[in-house]
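Coordinate analysis (summary)
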Protein chains: 2
Amino acid sequence: MSIVRRKSEVPVESRVMFGGRGEVEAHKILVGADEMYGKGRLFNHVVLKPGCSLGWHVHQGDGETYYFLKGHGEYSDNGSLIPVGPGDMTFVDSGEGHSVENTGDEDLEFIALILYK
Amino acid sequence: MSIVRRKSEVPVESRVMFGGRGEVEAHKILVGADEMYGKGRLFNHVVLKPGCSLGWHVHQGDGETYYFLKGHGEYSDNGSLIPVGPGDMTFVDSGEGHSVENTGDEDLEFIALILYK
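Here is what the cut-offs are and how they apply
- Residues numbered from 1 in each chain as written.
- Chains lettered and ligands numbered in written order.
- Predicted model: local features only at pLDDT ≥ 70, side-chain atom pairs only at ≥ 80, totals over all residues.
- Heavy atoms only, no water.
- Pairing = 2+ DSSP bridges.
- Helix = DSSP H or I, 4+ residues; strand = E, 2+ residues; numbered from the N terminus.
- Axes fitted to C-alpha atoms, helices over the stretch in contact; angles between N-to-C directions.
- Buried < 20%, exposed > 50% of the residue type's maximum accessible area, 1.4 Å probe, protein only.
- Contact = heavy atoms within 4.5 Å.
- Core = buried A, V, L, I, M, F, W, Y, C linked by side-chain atoms within 4.5 Å.
- pLDDT = per-residue confidence, 0-100.

A look at the sheet that holds strand β10 (residues 97–102) of chain A
Residues and elements named next belong to chain A. Pairing is antiparallel across the open sheet formed by four strands, whose spatial order is β5-β10-β7-β8. The sheet is open, and its two edges are formed by β5 (53–58) and β8 (80–84), each paired on a single side. The sheet shows a mean angle of 15° between the axes of neighbouring strands, direction not considered. The sheet contact formed by strand β7 (residues 73–77) and β8 spans five bridges and is antiparallel. By the bridge assignment, D77 is partnered in β8 with S80.

Observations regarding the environment of B:V16
Residue and element names in this part refer to chain B. With respect to the helices and strands, V16 occurs in the loop between β2 (12–15) and β3 (24–28). The class of V16 is partly exposed, set by a relative accessible area of 48%. For V16 and L54, which are 38 residues apart along the polypeptide, the C-alpha to C-alpha distance reads 7.6 Å. If we skip the residues at most four places from it in the chain, V16 touches G22 and E23.

A few points about the nonpolar core
Formed by 28 residues in total, the largest nonpolar core has its most connected members in A:F43, A:I111, B:F43 and B:I111. Only β6 (62–70), β9 (89–92) and β11 (108–116) of chain A together with β6 (62–70), β9 (89–92) and β11 (108–116) of chain B provide two or more residues apiece to this core. Beyond its immediate stretch of four places on either side in the chain, A:I111 contacts A:I29, A:F43, A:N44, A:H45, A:T65, A:Y66, A:Y67, A:L69, B:F43, B:Y67 and B:I111.

Some details on the confidence of the model for chain A
Summarising the model, chain A shows a mean pLDDT of 98, and 100% of its residues fall at 70 or more. The ipTM for the predicted assembly is 0.97, set against a pTM of 0.97.

Description of the pairing of β3(B)
All names here are of chain B. Pairing of β2 with β3 involves four bridges; the strand directions are antiparallel. Bridge pairing in β3 places S14 opposite E25. Strand direction decides the pairing type here: β3 and strand β4 (residues 40–48), joined by five bridges, are antiparallel. Bridge pairing in β4 links V24 to L48.

Okay, structure coming up:
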C-alpha cells in the first residue's frame, strides 16, 4: 500500500550514538522492517550539528551507505580519516567499521541506508 | 570491501524516463546489484530541472521510496496528485504506480530507493 508522509509526519529521533559527541538527529524515511520488505533495517536522513559525531561502530551481517548532502565532516573508513562533503558517498561492508564527525561550522547532513548482506 | 567515492566519481546518467518531459539526472549512490547485496536495484540522487518530469510507471516485484530534498513538485500517488517539497517522503508498493513533475522554478531533488519485495 502506498505511503505519503509530510515532513512533519516523518518520525525524528535524537540520541547519542555509539559514544559520539552530542546527539545524532535521525529522520526516519522508512519506518520498521516491513517498509523495507525485510531487506534492511535503516533508511534515514541524518543531521549532525557542528562539533557532533556519530561514534565508531562495526557492522555485522549488514552494510551501510552514507551519501552526504550538506556541510563538511571527517569520516573514518576502517580507521582511515578522510574529509567528506556534499555529493560524496561511503560504504562499509559487513565486518568493517566507520564513524563520522562534523568538522565544519554548519550542519552535516547525509542519507544513511543499511541493507542486510 | 569498503567504498569511498567523491562526488566527481559518482556516476551520473541523464535520460528521458517513462515518457516524461525533459531529462532525469540520476546520480548513482550505489552501482549495480552487488553493491545493494542483491536486495534492490536502485539508490539514486535524482535531479529534475524546472518543467521536467519523470513519467508514470507501475512497479512489479519491487517498491520505490522517494525522499524530497529541494524544490517543489507534483507527485502522482496512484493517480492522486499531491504537492511535494523538502522533507516529504512517498512510497509505492509492488503493483502500484507513480510519477513526479517539477512544478517550481528551481531544481527538484530527491533520493530514490528501489527494494525488491
